[in-house]
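Below are the chains, spelled out letter by letter.
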Amino acid sequence: MIRSASAFDTGLRACPDCDLLQRLPPVPAGAVALCARCQAPLWRHKPDSLNRTLALALAGAILWLIANTVPMLGLSVAGREAFTTVFGGVLAMWRDGRQEVAMLVLFTAVIAPALEIVCLLAVVLALRRPPAPHWVGMLLRGYELVREWSMIEIMLLGVLVALIKIAELATVIPGLALFVLGALVFLLAAMAAAFDPHDAWARIEWAEDQPPPAESNTACVPEARR
Ligand SMILES: [Zn+2]
């Protein structure tokens, strides 16, 4: 924890608004560093980021497991009931000849959220044991990529629209997975909000600077490692 704070002392940051390159001062937890020229926020030091992200990611993993194993929807017509899970819906679409839609739903509503959670779990667990290995950087890039493809909320919207359309034809029974997926949407957002990518990147830079060569002229590195 103390190491990363010192690492930021030497970190240069470009303002996202006016592009001014500037050196970040030590920022207390919960405080925001502002651009010296345009006052745009440069970095918000999120308090206890690693522990909060880990807790939310673990909760997200549990919710993901529940959401993909229990029924999402049930239909009751003429006394007969049928339930399906998220994966069951994907299989039904595949058999119905809509393979492209089935693959898209499978990736954006099942695989991408799982990758999002797994990536962040691996990153946070690796960062908790400094020095952070180099592959954490690859995972961080992967996390940003899969986060854009994680679209559970879009699937839920589609399901709700479909429910309204078939409500006149059959009795719709909302399954547990529907509520769990709704909770997972908020949990994934909270997980992303709790995670501090700047803190994570700074810790990886520490790992790369870890073996201090004899001719090293970065005086602050050995000092901060103590
Ligand atoms: Zn600026």
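This text goes with the structure placed above it.
The structure contained in this document is the topic of the report that follows. (Residues numbered from 1 in each chain as written. Predicted model: local features only at pLDDT ≥ 70, side-chain atom pairs only at ≥ 80, totals over all residues.)

With that settled, the discussion passes to the nonpolar core. Counting 37 residues, the largest nonpolar core has A67, L120, V123, L184 and M191 as the members making the most contacts within it. Those elements giving two or more residues to this core turn out to be α2 (49–67), α3 (86–95), α4 (99–127), α5 (135–149), α7 (176–194) and α8 (197–208). If we ignore the near neighbours within four places in the chain, the residues touching V123 are V136, L139, L140, Y143 and A200. (Core = buried A, V, L, I, M, F, W, Y, C linked by C-beta atoms within 7 Å. Buried ≥ 20, exposed ≤ 12 C-beta atoms within 10 Å, placed from the backbone. Helix = DSSP H or I, 4+ residues; strand = E, 2+ residues; numbered from the N terminus. Contact = placed C-beta atoms within 7 Å.)

The strand order across the open sheet formed by three strands is β6-β5-β7, and the pairing between neighbours is antiparallel. Two strands lie at the open edges of the sheet, namely β6 (80–84) and β7 (171–174), each paired on one side alone. Geometrically, the sheet is characterised by an average inter-axis angle of 20° between neighbouring strands, direction not taken into account. Sheet topology places strand β5 (residues 73–77) next to β7; four bridges connect them, and they run antiparallel. Residue S76 lies in a different strand from β7, and its bridge partner there is T171. (Pairing = 2+ DSSP bridges. Axes fitted to C-alpha atoms, helices over the stretch in contact; angles between N-to-C directions.)

Two strands pair when backbone bridges link them, and strand β3 (residues 32–34) and strand β4 (residues 41–44) are joined in this way by three bridges, in the antiparallel orientation. By the bridge assignment for β4, A33 is matched with W43. Linking β3 back to β4 in an antiparallel pair, the connection comprises six residues, with Q39 at a positive phi of about 65°.

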